[in-house]
Every structure is written in C-alpha cells, then in structure tokens.
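Geometric and topological summary
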Amino acid sequence: MKENRVLEVKGIYKSFPGVKALQNVDFNLCEGEIHALMGENGAGKSTLGYALMGNPKYEVMKGDILFRGNRINEDGADKRARDGIFLSFQSPLEVPGLSLSSFIRNAVEKRRGSRIRLWDFKKELQKEMELLQMDSS
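Here's the deal with the sheet that holds strand β4 (residues 70-71)
In a beta sheet, neighbouring strands are held together by backbone hydrogen bonds and run either parallel or antiparallel to one another. The sheet built from four strands is open, its strands ordered β2-β1-β3-β4 with antiparallel pairing. Every interior strand has two partners, whereas the edge strands, β2 (19-30) and β4, have only one. The pairing of strand β1 (residues 5-16) with strand β3 (residues 62-67) spans five bridges and is antiparallel. Bridged to L7 within β3 is F67. Docked against the sheet, helix α1 (residues 45-53) engages β1, β2 and β3, running at close to 65° with respect to β2.

Take a look at the structure:
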C-alpha cells in the first residue's frame, strides 16, 4: 500500500534570542493517521504548532514544510487554514453563544465553499467522533 503523505516536515529550525526552540525536526503525517505531541513545558510543542500554521512570529529559519506535496513555508496562516491546516489547543477559549459544533460546521462550510444541511452535518460529525473514539481505545 502506497503511503499518502499529507504533511512532511523536513529539518526545520526555529530559535528566539537565547533559545533554540526547534532543532532539525523531521516527521511525516499520512492520510488517516492520528498523532499527538507530548512533552514538558518549553519542549517546543506550541512553537511547532505555530510554525506549521504560519504565525509570522514563528517563521521557520531552515528546513521545509510540505502540505499535500506543496512547500508552504511562505504561505500565510490564512492560506494554510483555507487549505485545511488547523491548530487547536486542548483547552480552547470559549466564544459566548457559539457551540463547538456550530464553529466546526462553519469551518467545514468555508473549506468546502458551500452550505451543509444541519442534519447532514450532524451525521458526518457523529461518524467522525465514533472514529476518534475507536482510535483512542
């Protein structure tokens, strides 16, 4: 079976004055895989996430980030988000009056470029949640 790489990170480096945050980071993420970043405070988890998302304060100094085969080092965060890259933290801030389901539905609609009927979205979301529960057991 041929692996379908979605994300390739090749030898990326990022430092701040007096701090080497990322040094020669390499990994591949293939279609259907689930990965987790774990480590103590200051290990570079958030720095890696911000660099992958294109936050201008976290510009990669060396190395390449490829998304679906295309080099995205110079792409802005807005383009990366439109292409399907999303950064979420374990304790996201709440937006009063906006449910997580509504937020996700809106993001999916923006990505697809068309409205999704609520019933269809709920079925799709339930299917994906079941997949996540199977993978975590």
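Having seen the model, we can carry on.
What about the pairing of β3?
On a regular strand, one side chain projects to one face of the sheet and the next to the other, so that they alternate. Both β3 and β4 contribute to a ladder of two bridges, which runs antiparallel. Note on β4: the bridge partner recorded for L66 is R71. What sits between the antiparallel neighbours β3 and β4 is a turn of two residues, in which R68 has the positive phi angle 50°.

Analysis parameters
Residues numbered from 1 in each chain as written. Predicted model: local features only at pLDDT ≥ 70, side-chain atom pairs only at ≥ 80, totals over all residues. Heavy atoms only, no water. Pairing = 2+ DSSP bridges. Helix = DSSP H or I, 4+ residues; strand = E, 2+ residues; numbered from the N terminus. Contact = heavy atoms within 4.5 Å. Axes fitted to C-alpha atoms, helices over the stretch in contact; angles between N-to-C directions.

Limitation: the analysis is restricted to geometry and does not speak to function.
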